[in-house]
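Structural characterization, general
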Amino acid sequence: MMRTLAVMARRYGPTSAVGRRRIATGTGAVSIGLAALAFAKAADAANATFTARVASIWWLPLVVTPLAFGIIAWVTLRFVPEAAGSGIPQVIAATADPGRARTVLLSMRAALAKLVLTLAALLAGASVGREGPTVQVSAAIMLWYHRLFRVALRPSMVIAGGAAGVAAAFNTPLAGITFAIEELADAYEQRVALLVMTAIVVAGIVSLGLAGNYVYFGVVSDTLGLGSVLRVAPVAGVFGGLTGGLFARAMIALGRDRARLIPALAGRPVAWAFVCGVVVATIGVLSGLTVSAVLTPRRGRNSTA
């Protein structure tokens, strides 16, 4: 009996490879929940600060936004190029090469830079989302804990970290699972599913315990009858798919051919960022709308998002 217990302890105890992996996943998920929630609060505060300033100084975006775009682009290219982009491409690439992810794509240096630069962009009125940055930072945190507990790096760790970040940041566990399946897991195996579910549940519990049971994007109280839904849903789906696809193709084409379309900005990414800032600020000022919107979590009342 004692011998059996000793064998089980060696195989599944806290010092075994399996035990260390479980501890790393659990502690990583807790940290991801805390980090994602703190990042969400900081992003809302940055948006609120910019909105308040624009309300009293309408021309402020015309100065601040282009300068901030240029400075952020220069800092990124000069010091942390791995923090460029949304963050999701880095995580997808890291699933194919966890070893490179440890030192480059998902290093804590890149994660911290991603947080700071994203908040700076929001503070300057940039229309940037935080899903991508949250995914990259969460995956970096998960990998850091696995290095700390000397656990072999696997693509499933990257998947679990990114999905847990989405779940905790927006209080949407199902979205975390869907994100893992659609964006990260090319081969969604049973082992991956177990790790993802564990990380999502733990991170979600942390977020729920600290922030309460809330719907981040609000609750829409209006409803449609079945007949109306059957008529509207196909039209909305087709129209949304077409416009979304065309917009995506336009963005890809602009990024690929911008040197040919705007020769003066060829090979000058900082200048390109400055021009983009001018466009964003001008649209915001002329339309009478702020270029970044405050979205406050709603509790106990209906709202539209």
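See the structure above.
Below you will find a few notes about this structure. The shown structure was predicted, so the numbers you read here are calculated from the model rather than taken from an experiment. Every chain's residues receive numbers from 1 upward, in the order its sequence appears when written. In view of the model being predicted, local features appear only for residues whose pLDDT reaches at least 70, and side-chain atom pairs are presented and counted only at 80 or more, with totals across whole chains, interfaces and linings using the full set of residues. Side-chain measures here rest on the full set of heavy atoms in the structure, leaving out hydrogens and waters.

In this text, helices come from DSSP runs of H or I with a minimum length of four residues, and strands from runs of E with a minimum of two, each type numbered from the N-terminal end. When its secondary structure is counted, the protein chain shows 12 helices and zero strands. Listed by position from the N terminus, the elements making up the protein chain come as α-α-α-α-α-α-α-α-α-α-α-α. Taking all 305 residues of the protein chain together, 38% fall into the buried category. Across the protein chain, the fraction of contacts at a sequence separation of at least 24, relative to all contacts at a separation of at least 6, is 77%. In this scheme, a residue with accessible area under 20% of its type's maximum is buried, one over 50% is exposed, and one in between is partly exposed, where area comes from a 1.4 Å probe on protein chains only. When checking whether two residues touch, look at their non-hydrogen atoms; a contact exists if any pair is within 4.5 Å.

Right, let's get into the pattern of salt bridges. Any Lys or Arg side-chain nitrogen located within 4 Å of an Asp or Glu carboxyl oxygen qualifies as a salt bridge. A full pass over the atoms with the stated rule returns one salt bridge. Here Glu82 ties to Arg109 by a salt bridge, and the two come within 3.0 Å at their closest N and O atoms. Linking Glu82 in the loop between α3 (60-79) and α4 (88-96) with Arg109 in helix α6 (residues 108-123), this pair joins segments that are 27 residues apart in sequence. What makes Glu82 buried here is its relative accessible area of 15%.

It is at 8 Å that the axes of α4 and helix α7 (residues 131-148) come closest, and there the two elements cross at 35°. On α7, the residues that touch Ile88, Gln90 and Val91 of α4 are Gly132, Val135, Gln136 and Ala139. Amino acids are sorted into nonpolar (Ala, Val, Leu, Ile, Met, Phe, Trp, Tyr, Cys and Pro), charged (Asp, Glu, Lys and Arg) and polar (every other residue, Gly among them). Residue composition of the contact of α4 with α7, grouped by class: four nonpolar, three polar and no charged. Where helices are involved, their axes are fitted lines through C-alpha atoms of the stretch in contact, as for all axes, and angles between N-to-C directions lie from 0 to 180°.

With that out of the way, let us pick up the layout of surface pockets. The distinction between a cavity and a pocket rests on a 1 Å grid over the protein atoms alone: a 1.4 Å probe fits inside a cavity but cannot get out, while a pocket stays open yet meets protein on both sides within 12 Å along at least five of seven lines, and a residue with an atom within 4 Å of a point counts as lining. Grid points are joined across faces, edges and corners, and a volume is the space filled by probe spheres set on the points. Here the largest pocket defines a volume of roughly 1200 Å³. Together, 28 residues line the largest pocket, and Phe69, Ile72, Gly85, Ser86 and Val128 are the ones closest to its centre. Going through the elements one at a time, α3, α6, α11 (226-261) and α12 (269-287) are the ones with two or more residues in the lining of the largest pocket.

Within this structure, the stated rule accounts for two cavities of 30 Å³ or more. Of the voids in this model, the largest cavity is the one considered here, and its volume is about 50 Å³. Along its surface, the largest cavity is lined by Ala35, Ala36, Phe39, Leu115, Thr134, Val137 and Ser138. Taken together, the residues that form the lining of the largest cavity break down as five nonpolar, two polar and no charged.

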